Amino acid sequence: SGTDYGNHLSNASTSDYASYDVLGALETYKASARTQAHKDALEAIIDNEIQEWVGQWDVYEWDVINETISNQLLMEILGYDQMAEWFKIADANKVRPSAKLFINDFQIASAKFTGTSYTTRRDTYFNHIDQIIADGGPIDGIGFQSRFKFLDDYDPAIVYARIDEFATRYPGLEITG
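The structure presented is a predicted model; accordingly, all values stated were derived computationally and were not measured.

Caption draft 1: Expanded view of the packing of aromatic side chains. Per the stated rule, a full pass over the model turns up eight aromatic pairs. With centroids separated by 6.4 Å and ring planes inclined at 80 degrees, the aromatic side chains of Trp53 and Trp57 adopt a geometry described as edge-to-face. Exposure remark for Trp53: the relative accessible area of 22% places this residue in the partly exposed category. When its relative accessible area of 27% is taken as the criterion, Trp57 is described as partly exposed. Arranged with centres 5.6 Å apart and planes meeting at 55 degrees, the rings of Tyr125 and Phe166 form a pair that is tilted. Of the two residues, Tyr125 is situated in helix α5 (residues 117-134) and Phe166 in helix α6 (residues 156-169); the sequence distance between them amounts to 41 residues.

Caption draft 2: Quick peek at the environment of Ser32. Here Ser32 is to be found in the loop between α1 (22-31) and α2 (36-54). In this structure the side chain of Ser32 is engaged in a polar contact, spanning 2.9 Å, whose partner is the backbone nitrogen of Arg34.

Caption draft 3: Broad picture of unusual backbone geometry. Phi at Arg34 takes a positive value of approximately 60 degrees, unusual for a residue other than glycine. Structurally, the position occupied by Arg34 is in the loop between α1 and α2. Located in the positive-phi region is Glu67, a residue other than glycine, with phi close to 60 degrees. Among the secondary structure elements, Glu67 is positioned in the loop between β1 (61-66) and α3 (73-78). Its relative accessible area of 11% is what places Glu67 among the buried residues.

Caption draft 4: Quick look at the packing of α2 against helix α4 (residues 82-93). It is at 8 Å that the axes of α2 and α4 come closest, and there the two elements cross at 35 degrees. Remark: the crossing between α2 and α4 carries right-handed chirality. For the pair α2 and α4, contact is made by Glu43, Ile46, Asp47, Ile50, Gln51 and Val54 and by Gln82, Trp86, Ile89, Ala90 and Asn93, respectively. Looking at the contact of α2 with α4 residue by residue, the classes come out as six nonpolar, three polar and two charged.

Caption draft 5: Molecular detail of the side chain of Glu49. Relative to the assigned elements, Glu49 resides in helix α2. With sequence-adjacent residues up to four places away left out, Glu49 is seen in contact with Ser10, Ala18, Tyr20 and Val22.

Caption draft 6: Local environment of the side chain of Asn104. Inspection of the secondary structure assignment puts Asn104 in strand β2 (residues 100-106). Looking at Asn104, the relative accessible area reads 8%, which means it is buried. Only 3.4 Å separates the side chain of Asn104 from the backbone nitrogen of Phe144, close enough to count as a polar contact. In contact with Asn104, other than residues within four places in its own chain, are Asp63, Ile65, Asn66, Glu67, Thr68, Tyr125, Gly143, Phe144 and Gln145.

Caption draft 7: Here's a closer look at the pairing of β2. The buried count for β2 comes to six of seven residues, which makes it a mostly enclosed element. Judged from the five bridges that link them, β1 and β2 form a sheet pairing that is parallel. In the sheet register, Asp63 faces β2, and the bridge partner there is Phe102. Where β2 meets strand β3 (residues 141-145), five bridges bridge the pair, whose relative direction is parallel. Residue pairing for β3: Phe102 is matched across the bridge by Gly141.

Caption draft 8: Broad picture of the sheet that holds β1. In spatial order, the strands read β1-β2-β3-β4; together these four strands make up an open sheet with parallel pairing. Each of the sheet's edge strands pairs with one partner strand only, and the pair in question is β1 and β4 (174-176). Each adjacent strand pair in this sheet contributes to an overall mean axis angle of 30 degrees, direction not counted. By the bridge criterion, three bridges tie β3 to β4 in an arrangement that is parallel. Along β4, the bridge assignment pairs Ile142 with Ile175.

About the thresholds
- Residues numbered from 1 in each chain as written.
- Predicted model: local features only at pLDDT ≥ 70, side-chain atom pairs only at ≥ 80, totals over all residues.
- Heavy atoms only, no water.
- Phe/Tyr/Trp six-rings, centres within 6.5 Å; stacked < 30°, edge-to-face > 60°.
- Buried < 20%, exposed > 50% of the residue type's maximum accessible area, 1.4 Å probe, protein only.
- Helix = DSSP H or I, 4+ residues; strand = E, 2+ residues; numbered from the N terminus.
- Polar contact = N/O pair within 3.5 Å; in protein donor to acceptor, adjacent residues only side chain to side chain.
- Axes fitted to C-alpha atoms, helices over the stretch in contact; angles between N-to-C directions.
- Left-handed = near helix turned anticlockwise from the far one by under 90°.
- Contact = heavy atoms within 4.5 Å.
- Nonpolar A, V, L, I, M, F, W, Y, C, P; charged D, E, K, R; others polar.
- Pairing = 2+ DSSP bridges.

All quantities given are derived from atomic positions and should not be read as evidence of function.
Take a look at the structure:
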């Protein structure tokens, strides 16, 4: 109750490329008894959409998961281990075998320079990346959406140090902005 089920979920009205109605499947789940069968049906829709989308475009990089900090609803329903499964689906179905698979989020490098915003978001992002790796997700890199809204506090050295913190923690992963 009170959860916005429509944030970043696709259907034919949100994307010309959506063959699957993830928003509708989530609404069906919301109205259901929320049994394992209902979860399985929701998961199948999401998995099919990932498979279809990654198989449509010959890209060099693919954000398999975007904005996991703000949009955790699907993981809360299906389990956080599902993130690695989405990477596995993307890896198995990508058009370009060499395409890199990324996780991406915002306000990490560009989080406010005062207060606890950065550490809270960083730690959650660390947890999501660690979970994907632990569950065998073939992740190639970490993305940072960076819109510097808090220009009065902007310090390039802090931004660099934040990105470098991820590069140090995950030396085998590419870093991109």
